Amino acid sequence: MAIRKLRYEGDPILRKTSKEVREVTPKVLELVDDMLETMYEENGVGLAAPQVGVLKRIVVIDVGEGPLVMINPDIIKTEGEQTGDEGCLSVPGKAGTVTRPNEVTVRFMGEDGEWYELEGTELLARAICHECDHLDGKLYVDVVEGELRDTAMPEDEEE
């Protein structure tokens, strides 16, 4: 496992559409492990492969219930709506208000190559939508309501 270099807003790879994963290979599993390690190192809730420079349809998420790995995720149903703050590891030090579905059903391939469906609500639904957007070259700043806010503490307040 290794920590991968994050790509930041302005990097052209973040605006490209990721390619479908045809089969789960040892190289794909290594990428998944690296993505999880990178996400945890950066204190993120989710990470998509383009954020580490790889145009593959892979996302990892952990909203506090353990890691979720989704290969070729496809949101097949949405319901309701929620509005709240979002940030992104590719847009460090910023946050903004975004409206997303409150419930989503996503179909995806697991690390074992089998297909699954998962229903997510609230934070998990938000994270699934946010990370799936990355696979299509979209960032939350494209749908933010109002201005982005600074989230970093001033240097003299850091401990």
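Up top is the structure these notes are about.
Please read these numbers as outputs of a predicted model, since none were measured by experiment.

**Student:** What should I look at first to understand the sheet that holds strand E6 (residues 103–109) in this one?
**Tutor:** The strands making up a sheet are joined through hydrogen bonds of the backbone, oriented either antiparallel or parallel. Strand order in the open sheet made by the five strands is E1-E2-E3-E6-E7, with antiparallel pairing throughout. Across the chains shown, the open sheet's two edge strands, defined by having one partner strand only, are strand E1 (46–48) and strand E7 (115–121). Averaged over all adjacent pairs, the angle separating strand axes in this sheet is 40°, with direction ignored. Examined bridge by bridge, strand E3 (residues 68–79) and E6 share six bridges and lie antiparallel to one another. Each residue of the ladder has a partner; that of aspartate 74, found in E6, is arginine 107. Strand contacts of helix H1 (residues 26–41): E1, strand E2 (58–61) and E3, with the helix running at about 40° to E2, the strand carrying the most contacts. Where helix H2 (residues 122–135) meets the sheet, its contacts fall on E1, E2, E3, E6 and E7, and the angle it forms with E2 comes to roughly 155°.

**Student:** It is not clear to me how the nonpolar core should be interpreted in this structure. Could you clarify?
**Tutor:** Here is a general trend for soluble globular proteins: nonpolar side chains tend to be buried in one another's company. In this structure, Leu31, Met35, Leu47, Val52, Ile58, Val60 and Ile71 are the most contacted members of the largest nonpolar core, which totals 18 residues. Those elements that provide at least two residues to this core are H1, E2 and E3. Broken down by element, this core gets its largest block of residues, six residues, from H1. When residues no more than four places from it in sequence are discounted, the contact partners of leucine 31 are Arg4, Ala49, Val52, Val54, Lys56 and Ile58. Grouped together as the second largest cluster of nonpolar side chains are 15 residues, Val59, Met70, Leu124 and Cys129 included.

Reading guide: rules and limits
- Residues numbered from 1 in each chain as written.
- Predicted model: local features only at pLDDT ≥ 70, side-chain atom pairs only at ≥ 80, totals over all residues.
- Heavy atoms only, no water.
- Pairing = 2+ DSSP bridges.
- Helix = DSSP H or I, 4+ residues; strand = E, 2+ residues; numbered from the N terminus.
- Axes fitted to C-alpha atoms, helices over the stretch in contact; angles between N-to-C directions.
- Contact = heavy atoms within 4.5 Å.
- Core = buried A, V, L, I, M, F, W, Y, C linked by side-chain atoms within 4.5 Å.
- Buried < 20%, exposed > 50% of the residue type's maximum accessible area, 1.4 Å probe, protein only.

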